[in-house]
Amino acid sequence: MTSGARPFAECLAAARCGDRSAIGHLAEMALPQLQRVARDLIGPLRARYATSDIVQSSLVEALSAFPDFRGHDRAEFVQWLVRMLENNVRDRRRFVTRDKRTVKRETTSGVLALLPTNDKTPFGRAVDRDELIRVAGAISGLPKEQQRVLHYTVLRGLSHAEAAVLMDKSEEACRALLARARAGLAVRLARGAGE
């Protein structure tokens with residue numbers, strides 16, 4: 001069933017009754033708007049972070065924080081997600097502009113960047129070893145090709161073009177596979193996979 005085949009109000013009611021797949025449908029409905037907002041917000045951070053990565057981490061955060069959502073319609077839900085997105089962009093901007101960065105922090109990427117640090121931002125405090133283990137478990141349940149594309153693009157930090165060469169696919173096919181992998185990961189995390 002596609003996200004458009006299920007009305008927002010029905011998904012919201014089901015999600016509030018504990019239907020984790022309904023939360024995924026809500027996120028799918030809001031995705032185009034979030035992507036547009038993220039493209040506008042990310043600005044100079046684009047050189048360091050992919051817009052889709054910031055959107056994805058905001059959606060993963062929203063899936064776990066869904067019980068806190070008190071709105072009643074699609075506009076309120078999107079506004080709630082946009083606030084999370086804005087917070088994620090602000091936290092990344094702070095990280096990039098901190099004066100006390102070390103060379104090690106500058107070159108850290110992928111899963112290593114998720115490990116706890118001494119930074120005191122909400123983003124830094126929210127990420128911990130248990131979450132890393134949970135995400136790794138969820139990734140291991142994805143199809144092998146999706147695991148590979150996540151490994152190349154997220155963990156190793158390769159571009160879509162570089163990952164496409166290693167996977168013997170077109171860049172467009174690699175982007176589509178990565179989108180499916182991220183969506184699958186979000187659903188698995190929402191359902192508690194990997195715990």
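Shown above is the structure to which this text applies.
Going along each chain's sequence as written, the residues are numbered from 1 onward. Only residues with pLDDT of 70 or above have their local features reported here, since the model is predicted, and side-chain atom pairs are shown and tallied only from 80 upward, although totals for entire chains, interfaces and linings are computed over all residues. Hydrogen atoms and water are omitted, and side-chain values are computed over all heavy atoms in the structure.

(A) Highlighting the overall build of the protein. Strands here are runs of E lasting at least two residues and helices are runs of H or I lasting at least four, both read from the DSSP assignment and numbered beginning at the N terminus. Regarding its fold elements, the protein presents 10 helices and zero strands. Secondary structure of the protein in N-to-C order comes out as α-α-α-α-α-α-α-α-α-α. Categorising residues by exposure relies on relative accessible area from a 1.4 Å probe, with only protein chains included: less than 20% of the type maximum marks a residue as buried, more than 50% marks it as exposed, and the intermediate range marks it as partly exposed. Across the 195 residues of the protein, 41% fall into the buried class. Partitioning the contacts of the protein with sequence separation of at least 6, the portion at a separation of at least 24 is 59%. Here, two residues are considered to be in contact whenever any of their heavy atoms come within 4.5 Å of each other.

(B) Just the nonpolar core, in detail. Counting 35 residues, the largest nonpolar core has L26, L34, F66, F77, W80 and L81 as its most contacted members. Elements supplying a minimum of two residues to this core: α1 (8–16), α2 (20–42), α3 (51–65), α4 (74–97) and α10 (171–190). Residues V60, V135, A138 and L189 belong to the second largest nonpolar core, which totals 17 residues. As used in this record, nonpolar core signifies buried Ala, Val, Leu, Ile, Met, Phe, Trp, Tyr and Cys residues forming a set joined through side-chain atoms within 4.5 Å.

(C) The arrangement of the packing of α3 against α10 in detail. Orientation is described by axes fitted as lines to C-alpha atoms, over the contacting stretch for helices, and by angles from 0 to 180 degrees between their N-to-C directions. Taken N-terminus to C-terminus, the directions of α3 and α10 make an angle of 15°; their axes are 9 Å apart at the nearest point. Looking at the two axes, α3 sits roughly parallel to α10. Considering the relative orientation of α3 and α10, their crossing is right-handed. Facing α3, whose interface residues are S52, D53, Q56, V60 and L63, α10 presents R182, A186, L189 and A190. Here the residues of the contact of α3 with α10 sort into five nonpolar, two polar and two charged. Throughout this description, any angle smaller than 35 degrees is read as roughly parallel, any larger than 145 degrees as roughly antiparallel, any in the 65 to 115 degree range as roughly perpendicular, and the remainder as oblique. Here a crossing is taken to be left-handed if its near helix is turned anticlockwise relative to the far helix by less than a right angle, and right-handed if that turn runs clockwise. Side-chain classes are defined by residue name, with Ala, Val, Leu, Ile, Met, Phe, Trp, Tyr, Cys and Pro counting as nonpolar, Asp, Glu, Lys and Arg as charged, and the others, Gly among them, as polar.

(D) Structural context of the packing of helix α8 (residues 144–155) against helix α9 (residues 160–167). Viewed as axis vectors pointing N to C, α8 and α9 meet at an angle of 135°, and their least axial separation amounts to 9 Å. Put simply, α8 runs oblique to α9. When you trace α8 past α9, the crossing you get is right-handed. Here E145, R148, V149, Y152 and T153 of α8 come into contact with α9, specifically with A163, L166 and M167. Taken together, the residues of the contact of α8 with α9 sort by class into five nonpolar, one polar and two charged.

(E) Fine view of α9. All of the buried residues in α9 are H160, A163, A164 and M167. Looking straight down α9, one finds its buried side chains confined to an arc of 105°; they lie on one side. Residues of α9 that are buried sit in contact with α8 and α10. The first or second residue beyond α9 is D168, which carries a positive phi of 55°. Our arc is simply the arc of the directions from the helix axis toward the C-beta atoms.

(F) Representation of the pattern of salt bridges. Basic side-chain nitrogens of Lys or Arg form a salt bridge, by our definition, when they fall within 4 Å of a carboxyl oxygen of Asp or Glu. The tally for this structure, following the rule as stated, stands at four salt bridges. We note a salt bridge from E145 to R148, for which the minimum N-O separation is 3.0 Å. Placement of the pair is E145 and R148 together in helix α8, with a separation of three residues, close to one helical turn. A salt bridge links E145 to K169; the shortest N-O distance between them is 3.4 Å. Residue E145 is found in helix α8, and its partner K169 is found in the loop between α9 and α10; the two are separated by 24 residues along the sequence. For E145, a relative accessible area of 29% corresponds to the partly exposed category. Connected via shared salt-bridge partners are E145, R148 and K169.

(G) Focus on unusual backbone geometry. Despite not being glycine, D168 shows a phi value in the positive range, around 55°. Here D168 shows up in the loop between α9 and α10.

(H) Local environment of α1. All buried positions along α1 are accounted for by F8, C11, L12, A14 and A15. Buried residues of α1, seen end-on, are gathered within an arc of 165° and therefore sit on one face of the element.

(I) Inspection of the packing of aromatic side chains at higher detail. Stacked, tilted and edge-to-face are the three classes applied to pairs of Phe, Tyr and Trp rings, where Trp contributes its six-membered ring and a pair requires centres within 6.5 Å; stacked means planes under 30 degrees apart, edge-to-face means over 60, and tilted covers the rest. In the structure shown here, the tally under the stated rule is five aromatic pairs. With centroids separated by 5.9 Å and ring planes inclined at 35°, the aromatic side chains of F77 and W80 adopt a geometry described as tilted. One end of the pair is F77 and the other is W80, both in helix α4 and three residues apart, which spans about a single turn. Given a relative accessible area of 3%, F77 falls into the buried group. Under the relative-accessibility criterion, W80 is labelled buried at 9%. Pairwise contacts between aromatic rings join F8, F66, F69, F77 and W80 into one cluster.

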